[in-house]
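# Chain and residue survey
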Amino acid sequence: MEKRSSKGGATVLIVGAGPAGLVLGNLLLAAGVDCLIVERSSRAHVERRARAGFLAAETVRVLVGNGLGAGLLARGRTHGTCVFRTERGEFALRYGSLGRGEAHTVYPQQDLVSDLVAEFLRRGGDLRFGTPVSEVGGLDGERPWLMAHGPQGPYRLTGRYVAGCDGRQGTCRQQIPAGEVRAHRRRHGVSWLALLVGTPPALPAVTYAVHERGFAGHMARTPSVTRYYLQCEPGTDPGSWSETAVWDELDLRMRAERFGPLRRGPVLERAVVDLESDVLDPMQYGRLFLAGDAAGLISPSAAKGANLAVMAAQTLARAFTTAVHEGDEEPLARYSATCLPRIWRAQEFSHWMIGLLHAPHGDDEESRFLRALRDSRLENLRTSTVQQHSFADNYAGL
Ligand SMILES: Cc1cc2nc3c(=O)[nH]c(=O)nc-3n(C[C@H](O)[C@H](O)[C@H](O)COP(=O)(O)OP(=O)(O)OC[C@H]3O[C@@H](n4cnc5c(N)ncnc54)[C@H](O)[C@@H]3O)c2cc1C
């Protein structure tokens, strides 16, 4: 198909080809709204960047309902159980048959991104890789613009709207004048060593281990790749753990001696993630609209980030479509108010999960208090049916 936009601009200029920007772009093309995407990194880089893996049922409905779900339907796996291991033993929650009865689909984010890129191009979309945006302007007026730096040098793009889908470290959120949005932020004081390991999942379910030495987690990704998390000291250099130290610590915290061994194998990728949350309110300024991590970060404790990004992209696509085809900007004006209650509900649950899985080690009064609180929370989850149904709705829902 022919490219729909010239180098000079498009009705909607989208910055960033992550889940938010790519879902938005695909939905706009399907609705006949002219758009283009500029992405800082190369195609190979965005299609290899391993991050999320757990897609909520609502996310899957949005993707499948808009012709973006062929890959996840073919290769994703349904997952409806999680297991908690503590010093008292382990218990499983079959959340896929609790609450609303919804499960996750496990499908690596890089595979989803690859599918979305392919579909955007197939629909005739204009996607410019290797093109960082350094500045966005004219947001108060009719013709906002952005400065893109392509392989042949810098050029200016103009449009009617700008969608900032460029993640937490992106340019767009920084262009909003001070005082125009209120930031809400929490650093949780907890860090995870996030590991991608080249072995099949060792356990049949997501497993959260609460241990006196810190949290450890096991999550399936594909039949040959598993994600593990190890709580570590904030500021840890990810390279400071040898592979033997990683596996010994995972064995210890996952209590392999008691529950069975893990499958050791090569560590393919490692990064330290500081658990941090922030929310911008509103998520828009003039003709700039933020979606996904650009509008706010959520700690990975409840696996909501990519899901919230897809939901915001859907809301924004509908609002742009109404503005462009019907001349009605009311849904755009309400964009933040539509998204924020969902975002805050996810933030609240994610924050609760941090308290379920972590507590300080110290022997001071406050550390002891927080540990007892965490243990009581786990016990409540293990024994209370009401709590289990509520957990299921929040864990798999949006
Ligand atoms: C280790 C880890 C595990 C996670 N696990 C889960 C999970 O299981 N479930 C879940 O839902 N979420 C999870 N997340 C969160 C999830 O990955 C993010 O929330 C998601 O990627 C957000 O999508 P996005 O499109 O908003 O931003 P991103 O995916 O960050 O995409 C933004 C894009 O913008 C580009 N960009 C940035 N700056 C510029 C610029 N100046 N010009 C042009 N382009 C630019 C970037 O290169 C990038 O491609 C996890 C995150 C991490 C780190």
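Residues numbered from 1 in each chain as written. Predicted model: local features only at pLDDT ≥ 70, side-chain atom pairs only at ≥ 80, totals over all residues. Heavy atoms only, no water.

### Comments concerning the overall build of the chain
The secondary structure content of the chain amounts to 12 helices and 20 strands. For 398 residues, the compact-globule formula gives about 21 Å, and the C-alpha radius of gyration of the chain, at 22 Å, lands near that figure. Principal axes of the C-alpha set define a box for the chain whose edges measure 60 × 40 × 40 Å. Put simply, 72% of the contacts in the chain that link residues at least 6 apart link residues at least 24 apart. Within the chain, one finds 47 positive and 43 negative side-chain charges whose respective centroids are separated by 3 Å. (Helix = DSSP H or I, 4+ residues; strand = E, 2+ residues; numbered from the N terminus. Rg over C-alpha atoms; globule rule 2.2 N^0.38 Å. Contact = heavy atoms within 4.5 Å. Lys, Arg positive; Asp, Glu negative; His and termini not counted. Charge placed at Lys NZ, Arg CZ, Asp CG, Glu CD.)

### So, helix 5 (residues 109-122)
End to end, helix 5 covers 20 Å across 14 residues, agreeing with the expected 20 Å (1.5 Å per residue, within 8%). Of the positions making up helix 5, those classed as buried are Gln109, Gln110, Leu112, Val113, Asp115, Leu116, Val117, Glu119 and Phe120. Just past helix 5, the residue Gly124 takes up positive phi, approximately 90°. (Expected span 1.5 Å × (residues − 1). Buried < 20%, exposed > 50% of the residue type's maximum accessible area, 1.4 Å probe, protein only.)

### Points about unusual backbone geometry
Residue Pro282 is reached from Asp281 by a cis peptide bond, and omega for that bond is 0°. Residue placement: Pro282 occurs in the loop between strand 17 (267-281) and strand 18 (284-285). With a phi angle near 55°, Arg255 is a residue other than glycine that sits in the positive phi range. The residue Arg255 is located in the loop between helix 6 (243-253) and helix 7 (256-259) in this model. With a phi close to 55°, Ala303 is a non-glycine residue in the positive phi region. Within the secondary structure layout, Ala303 lies in the loop between strand 20 (296-297) and helix 8 (305-326). A relative accessible area of 34% places Ala303 in the partly exposed class.

### Structural notes on the site of the ligand
Taken together, 36 residues are adjacent to the ligand, and Glu39, Arg49, Gln109, Asp293 and Ala306 come closest. At 2.8 Å from an oxygen atom of the ligand is found a side-chain nitrogen or oxygen belonging to Gln109. Here the ligand loses 92% of its free accessible area of 1,000 Å² to cover by the protein chains. Looking at the shell around the ligand, the elements with two or more residues in it are helix 1 (19-30), strand 16 (225-232) and helix 8. Here the shell around the ligand is composed, by residue class, of 15 nonpolar, 12 polar and nine charged. (Near = heavy atom within 4 Å. Polar contact = N/O pair within 3.5 Å; in protein donor to acceptor, adjacent residues only side chain to side chain. Areas by Shrake-Rupley, 256 points an atom, 1.4 Å probe, with all protein chains shown as cover. Nonpolar A, V, L, I, M, F, W, Y, C, P; charged D, E, K, R; others polar.)

### So, the packing of aromatic side chains
In the structure shown here, the tally under the stated rule is 18 aromatic pairs. Ring centres of Phe84 and Phe391 lie 6.0 Å apart, and the angle between their planes is 75°; this geometry places the pair in the edge-to-face category. Of this pair, Phe84 sits in strand 5 (residues 82-86) while Phe391 is found in helix 12 (residues 385-396), placing the two residues 307 residues apart along the sequence. Here Phe84 matches Phe391 in class, with each residue buried. (Phe/Tyr/Trp six-rings, centres within 6.5 Å; stacked < 30°, edge-to-face > 60°.)

### What about the state of the cysteines?
Taken as a whole, this structure holds zero disulfides when the rule is applied. Distance from the sulfur of Cys165, which forms no disulfide, to the nearest cysteine sulfur (Cys172) is 7.9 Å. Looking at Cys165, the relative accessible area reads 6%, which means it is buried. (Disulfide = S-S within 2.5 Å.)

### Topic: the packing of helix 1 against helix 5
One can describe the packing of helix 1 onto helix 5 by two numbers: an axis separation of 10 Å at closest approach and a directional angle of 30°. Relative to helix 5, the element helix 1 lies roughly parallel. When you trace helix 1 past helix 5, the crossing you get is left-handed. Every residue of helix 5 that contacts helix 1 at Pro19, Leu22, Val23, Gly25, Asn26 and Leu29 is listed here: Gln109, Val113, Leu116, Val117, Glu119 and Phe120. A per-class count over the contact of helix 1 with helix 5 returns eight nonpolar, three polar and one charged. (Axes fitted to C-alpha atoms, helices over the stretch in contact; angles between N-to-C directions. Parallel < 35°, antiparallel > 145°, perpendicular 65-115°, else oblique. Left-handed = near helix turned anticlockwise from the far one by under 90°.)

### What to know about the side chain of Thr226
Position of Thr226 relative to the elements: it lies in strand 16. At 2.7 Å, the side chain of Thr226 forms a polar contact with the backbone oxygen of Thr199. Beyond its immediate chain neighbours, meaning those up to four positions away, Thr226 contacts Leu195, Leu196, Val197, Thr199, Pro200, Pro201, His218, Met219 and Arg221.

Shape descriptors only; they carry no functional weight alone.
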